[in-house]
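# Architecture at a glance
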Amino acid sequence: AKFDAVLPILMPALRVDRPLAGFYLWPDVNGDDEVFARDLYAEENVIVLPGSYLGRDGGGGNPGRGRIRISLVAPLDDCISAALRIRRFIESRKP
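Our subject in this report is the structure included herewith.

Parameters at a glance
Residues numbered from 1 in each chain as written. Predicted model: local features only at pLDDT ≥ 70, side-chain atom pairs only at ≥ 80, totals over all residues. Heavy atoms only, no water. Helix = DSSP H or I, 4+ residues; strand = E, 2+ residues; numbered from the N terminus. Expected span 1.5 Å × (residues − 1). Buried < 20%, exposed > 50% of the residue type's maximum accessible area, 1.4 Å probe, protein only. Contact = heavy atoms within 4.5 Å. Polar contact = N/O pair within 3.5 Å; in protein donor to acceptor, adjacent residues only side chain to side chain. Axes fitted to C-alpha atoms, helices over the stretch in contact; angles between N-to-C directions. Parallel < 35°, antiparallel > 145°, perpendicular 65-115°, else oblique. Nonpolar A, V, L, I, M, F, W, Y, C, P; charged D, E, K, R; others polar.

Taking 1.5 Å as the rise per residue, helix α2 (residues 33-44) with 12 residues should run 16 Å; its terminal C-alpha atoms sit 16 Å apart, in good agreement. Among the residues of α2, Asp33, Phe36, Ala37, Asp39, Leu40 and Glu44 are the ones counted as buried. Each element contacted by the buried residues of α2 is listed here: β2 (49-50), β3 (68-71) and α3 (76-92). Two or three places before Glu34, at the opening of α2, Asp32 has a side-chain oxygen 2.9 Å from that residue's backbone nitrogen. Following α2 by one or two positions, Asn45 adopts a phi angle in the positive range, close to 55°.

Here you go:
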């Protein structure tokens, strides 16, 4: 139910796929994941984890770089509210 509610809100603003299992989304933020996460918190009070914090640099680079981890463990209404704030944050940055 959370994926069904949140993905239509986020998909117009982020490249994000529905996972086969789990309760995380890993959207591509098209840039620096750490800056995105920091600024999202500062502007919209939404906490996400930079993907680069969860991967390691290897031969092919860090697979988490440029992505964030969005956890959908909060109650449904909170997940929807956060998704709306993430989308507003992204749309406010478009030229």
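Taken N-terminus to C-terminus, the directions of α2 and α3 make an angle of 105°; their axes are 10 Å apart at the nearest point. Between α2 and α3, the angle is such that the two are roughly perpendicular. Seen from α2, the contacting residues are Phe36, Asp39, Leu40, Glu43 and Glu44; seen from α3, they are Arg85, Ile86, Arg88, Phe89, Ile90 and Ser92. Per-class residue counts for the contact of α2 with α3 are 5 nonpolar, 1 polar and 5 charged.

It is worth stressing that arrangement in space is one thing and function is another; only the former is reported here.
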